[in-house]
Amino acid sequence: KILLFCRLMHKIARFLFYGLYRLLGWQVLGQAPSDKKLVIIAAPHETNWDLTQMLGIAFYYRIPVRWMGKHTLGKGPFGWFMRWWGLLPVNRHSSTNLVDQVAEAFENAEEMAVVIAPEGTRSNVKEWKTGFYNIASKAKVPIALGFIDYERKYGGIDGVLIPSGDYEADMEMTATFY
């Protein structure tokens, strides 16, 4: 019964998020990755609406995603809802071996996609944080190149990067894409 309820709720969420995405005039570009396990970069991270945009895109591709967000999103009256949407709470003010924890979760899952904003904040930053890369490297999963363009009202995923272990070279290729 619980599994049926979860499937029903997932279909309702897909309808709501993708429906809202289309209702607001957005379109999805690119191809869904064929990989069952991956880290998805969600860039750029500029507004709180990025979450609804990326969830709309993920539901369009039929990718069951988890997303990393500040731990306070999982608290309060709507905390349960954020966790149900896939929140992986992150406390940015303390070290919790997050890379190891997420890599282990990948190891124990048959299918898992984690959306990460590489900037780690909505503020303007000069360099991305390395967590998304470290997680993908340790878990041995590809990094999907997700994007959102507010001016043109489209978003999607366009290609994957297989971490080579050479962060600088991989980030140079990623920078060319973005």
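Above: the structure in question.
Residues numbered from 1 in each chain as written. Predicted model: local features only at pLDDT ≥ 70, side-chain atom pairs only at ≥ 80, totals over all residues. Heavy atoms only, no water.

Engineer: Would you mind going over the sheet that holds strand S1 (residues 27-30) with me for this structure?
Structural biologist: The pairing of strands in a sheet comes from backbone hydrogen bonds and takes either a parallel or an antiparallel form. Pairing is mixed across the open sheet formed by 7 strands, whose spatial order is S1-S7-S6-S2-S5-S3-S4. Lying at the two open borders of the sheet, with one neighbouring strand each, are S1 and strand S4 (87-90). The average undirected angle you get between the axes of adjacent strands in this sheet is 25°. Alignment of strand S2 (residues 37-43) against strand S5 (residues 112-116), held across 5 bridges, turns out to be parallel. The partner of Leu38 across the bridge, within S5, is Ala113. The strands touched by helix H5 (residues 131-139) are S2, strand S3 (65-70), S5 and strand S6 (143-149); relative to S2, the strand with the most contacts, the crossing angle is about 170°. The sheet contacts of helix H6 (residues 167-177) involve S2, S6 and strand S7 (154-161), and relative to S7 the element is tilted by about 150°. (Pairing = 2+ DSSP bridges. Helix = DSSP H or I, 4+ residues; strand = E, 2+ residues; numbered from the N terminus. Axes fitted to C-alpha atoms, helices over the stretch in contact; angles between N-to-C directions. Contact = heavy atoms within 4.5 Å.)

Engineer: Explanation requested: helix H2 (residues 49-61) in the structure shown.
Structural biologist: Residues lying three or four places apart along an α-helix face the same way, a consequence of the helix completing one turn every 3.6 residues. With 13 residues, H2 ought to run about 18 Å at 1.5 Å a step, and its terminal C-alpha atoms sit 19 Å apart, in line with that. Burial of H2 is extensive: 11 of the 13 residues sit out of reach of the surface. Taken together, the buried positions of H2 are Asp50, Leu51, Thr52, Gln53, Met54, Leu55, Gly56, Ile57, Ala58, Phe59 and Tyr61. Backbone geometry just downstream of H2 places Arg62 in the positive-phi region, at approximately 65°. (Expected span 1.5 Å × (residues − 1). Buried < 20%, exposed > 50% of the residue type's maximum accessible area, 1.4 Å probe, protein only.)

Engineer: In this structure, what is going on with the nonpolar core? I would like to understand it.
Structural biologist: Where a protein is soluble and globular, its nonpolar side chains tend to be buried together. Ranked by size, the top nonpolar core spans 26 residues in total, and within it Ile40 and Val65 carry the most contacts. Listing elements by their share of this core, those giving two or more residues are helix H1 (2-23), S2, H2, S3, S5 and S6. If one sorts the elements of this core by residue count, H2 sits on top with 7 residues. If sequence neighbours within four positions are ignored, Val65 has contacts with Ile40, Leu55, Ala58, Trp85, Gly86, Ala113 and Val115. (Core = buried A, V, L, I, M, F, W, Y, C linked by side-chain atoms within 4.5 Å.)

Engineer: Explain a negative patch on the surface to me, please; I cannot follow it from the model alone.
Structural biologist: The grouping of Glu127, Asp166, Glu168 and Glu172 at the surface amounts to a negative patch. Take Glu168: it is sitting in helix H6. (Patch = residues over 30% accessible without salt bridge, like charges linked within 9 Å, V, L, I, M, F, W, Y side chains within 5 Å. Areas by Shrake-Rupley, 256 points an atom, 1.4 Å probe, with all protein chains shown as cover. Salt bridge = Lys/Arg side-chain N within 4 Å of Asp/Glu carboxyl O. Lys, Arg positive; Asp, Glu negative; His and termini not counted. Charge placed at Lys NZ, Arg CZ, Asp CG, Glu CD.)

Engineer: Is there a simple way to think about the pairing of S3 in this case?
Structural biologist: Looking down a regular strand, the side chains alternate between one sheet face and the other. Judged from the 3 bridges that link them, S3 and S5 form a sheet pairing that is parallel. Bridged to Val65 within S5 is Ala113.

Bear in mind that shape data such as this cannot, by itself, settle questions of function.
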